[in-house]
Amino acid sequence: MNTPLWAPSEQQIEQTNLYNFMKFVAKDGHKIDHYQDLYDFSVRLPQLFWKYLWEYGSFIQATEHSSILKSNGDILGAKWFEGANFNFAQNLLKYRDDRPAITAYDERGEQQVVTYAQLYKKVLHLSNWFKQQGIEPGDRIVAFMPNVPETIIAMLAAVSIGAVWSSCSPDFGLQGVVDRFGQIKPKIIITTDGYFYGGKTLNSLEKLNHILEDLDSIEHVLVVPYVKTELTQSNAEDQLNNCATHTPKLQIVKLWQDAMNIGQALAVQKSKLDQQDIESIEIEFEALPFEHPLYILYSSGTTGAPKCIVHSAGGTLIQHYKELILHTDVKPDDTLFYYTTCGWMMWNWMASTLMTGASLVIFDGSPFYPETNTLWNMIEEQKVSIFGTSAKYISTLQKLEYKPNQHHDLSHIKTLLSTGSPLSSESYDFAYNAIKQDMCLSSIAGGTDIISCFVLGNPTLPVYKGEIQCLGLGMAVNVYDDNGQALGDKQQGELVCEKPFPAMPLGFYNDKNNEKYLASYFEKFNNVWAHGDIVEKIPRVFNQHKYTSLVIHGRSDAVLNPGGVRIGTAEIYRQVEKVSTVMESIAVGQTWPVGSDDVRVVLFVVLKPKQELNDELIKEIKTTIRSNTTPRHVPSVILQVSDIPKTLSGKIVEVAVRDTINGKPVKNKDALLNPDSLSLYENLTELSH
């Protein structure tokens, strides 16, 4: 794989934000000729790098920082930008013109357009209503919402006054929502009356009625009419009839527009302005420290109760700015769309696009309903220039043999982003053949843990099949063996980060003495963040400059060890992707012989409709894997299943399947999108011999 699938021209490089930033840093005499120069500078002199980035971003702040970084060599004790006071929402709302800020679609094709000026005004009104309800900095406001403009508006309004935001998508199960929101004791919950998915209309209020039985901290329910735009206050209250009984602090159920009207009246009243002058009313942004809590995100919860990961306003702001502006090359004339739900960290990442002045396109519903071309119709209509999705979506298009560029004008796309799982080599080929040849395909990887990425795309570097383009600026990424020794190029090991970075979590909510936080990331290696991915650094050269790309081989907790040889599951999936009959697969280790310390590899496959697993197909799968990897990678057993368990964000859950086939209990089935699928893996006679 020494021939790149795409490489930027010199002209393209010089037009990037990253190139301009390199010149910005070099103006003070630093030698920055190429990306690797900048990366080395960023990890060698982090105080200077983050100082330059803060200045380059021209962030709005009430008071300036007195220091950039204080750490004393301790990654856990690092303090960033002490003295700086600012507001996250204010930096996302600095544009107030009539360009589209958010254009919203759902699977019915309907759309709502909110301009930057309208967005500012809506946030003003809702923040006033929040204040009227007694919300103060540090209080939690949560959303049980689909991906609609009101979700972004509510988030901005909440954080504008210093409240902490958390969200779940409405497809979460009852216990999944309670397990998350129940730990953080929110005061306000926001919901729609329902949502659409796959042609079905689902009722959110009915589900919320049961959720509120276990959320006794809720004081207000704010309802957005979405499914039934004619929804009335009394009808919403009727559907939430159990609330008063089970939620003793509940004071009010309010419709969205009523709250907005109250907020507008409060703004006029407080400013003592005439109705004609309301355009000049400003939001009273709460200026808060860099480390003020902004978001609470959640671990998948597949091995116990979800961990409540608290992220700072400052760390999120500067990290997202770096990734959007420099690594993704977002500019004010771009239109960015990321297919996500409000239960995945990519929603938070996507929302930060507003700070760039670009237009944001959002979508709610099934990406394949009513047809395979649903998203592509929207992408063409809105002239999306940066399209983000999951690796799974790309591979599904490939399996369906749907080639978007044969049906749509995609000349406007400059970047394709992929995350959620490693993107297979076959999917790289498919993307360039079936979507567009002249684009930067950026596979990115990090996670909920850091609300950002360790490795990601780069508009100034080439794209190689199966590889993530570069290590993220300011992220001291390395690869360790099990003994904590750094590995060289082309050696598989644990992805680690050796130095502090601003987007490290503040900790876990209600985690006494940081016990769970330390156990999650710092138990394996002293004073080094262990991320849980098995990776391999690849040395590359571009324009006569050396740099490093990366390959991810899977999660370390799902690594296979047949005969003591470590195998990342992604290595197997990359080969199975090549078998056209297979839609998706999951590989796990079964203890074999039973009671021993060894395992055998078991592969489960979901096939295309009307296809059956037979000896010929089993041989094709095994031959494909053996020809491109090693005999150790070849599964001992291959079985057909109709479904694969996934997390609520759509990731396959290898650990749950592994535990099931080995007769161990799965601790938290409510963390799964499809928990019933685990029954397909229980007591299989094929695995008893």
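Residues numbered from 1 in each chain as written. Predicted model: local features only at pLDDT ≥ 70, side-chain atom pairs only at ≥ 80, totals over all residues. Heavy atoms only, no water.

A. Representation of the sheet that holds strand S20 (residues 440–443) in the model. With respect to topology, seven strands assemble into an open sheet ordered S5-S4-S17-S16-S18-S19-S20, the strand pairing being mixed. Two strands bound the open sheet, and with one partner strand each, they are strand S5 (111–115) and S20. Neighbour-to-neighbour, the strand axes of this sheet turn through a mean angle of 15 degrees, independent of strand direction. (Pairing = 2+ DSSP bridges. Helix = DSSP H or I, 4+ residues; strand = E, 2+ residues; numbered from the N terminus. Axes fitted to C-alpha atoms, helices over the stretch in contact; angles between N-to-C directions.)

B. Looking closely at the pattern of salt bridges. In the structure shown here, the tally under the stated rule is 22 salt bridges. In this structure, the salt-bridge partner of Arg-108 is Asp-106, at a minimum N-O distance of 2.6 Å. The class for Arg-108 is partly exposed, based on a relative accessible area of 39%. Notably, a salt bridge pairs Lys-414 with Asp-334, separated by 2.9 Å at the nearest N-O pair. (Salt bridge = Lys/Arg side-chain N within 4 Å of Asp/Glu carboxyl O. Buried < 20%, exposed > 50% of the residue type's maximum accessible area, 1.4 Å probe, protein only.)

C. Quick peek at the packing of aromatic side chains. Considering all chains together, one arrives at 39 aromatic pairs under this definition. Ring centres of Trp-54 and Phe-290 lie 6.1 Å apart, and the angle between their planes is 50 degrees; this geometry places the pair in the tilted category. With Trp-54 in helix H4 (residues 46–57) and Phe-290 in the loop between strand S13 (288–289) and strand S14 (293–298), this residue pair connects regions lying 236 residues apart in the sequence. Using a relative accessible area of 3% as the deciding quantity, one classes Trp-54 as buried. Ring centres of Phe-508 and Tyr-517 lie 5.5 Å apart, and the angle between their planes is 75 degrees; this geometry places the pair in the edge-to-face category. (Phe/Tyr/Trp six-rings, centres within 6.5 Å; stacked < 30°, edge-to-face > 60°.)

D. Geometry of the pairing of strand S6 (residues 140–144). Counting buried positions along S6 yields five of five residues, so the element is predominantly enclosed. Side chains of S6 alternate between two faces, with Arg-140, Val-142 and Phe-144 and Ile-141 and Ala-143 buried alike. Where S6 and strand S7 (residues 164–168) come together, five bridges link them in parallel fashion. Paired with Ala-143 across the two strands is Ser-167, which belongs to S7. With respect to chirality, the unit in which S6 leads through helix H7 (residues 149–160) into the neighbouring parallel S7 is right-handed. Bridge count between S6 and strand S8 (residues 188–192): four bridges; the pairing is parallel. Residue pairing for S8: Ala-143 is matched across the bridge by Ile-190. (Right-handed = clockwise from strand over helix to strand, strands pointing away.)

E. Quick peek at the sheet that holds strand S29 (residues 582–591). Pairing is mixed in the open sheet, where three strands are placed in the order S29-S30-S31. The sheet terminates laterally at S29 and strand S31 (637–640), the two strands that pair on one side only. Strand-to-strand twist across the sheet, computed as the mean angle between neighbouring axes with direction ignored, equals 25 degrees. As defined by bridge partners, S29 adjoins strand S30 (residues 599–607) across nine bridges and the pair is classed as antiparallel.

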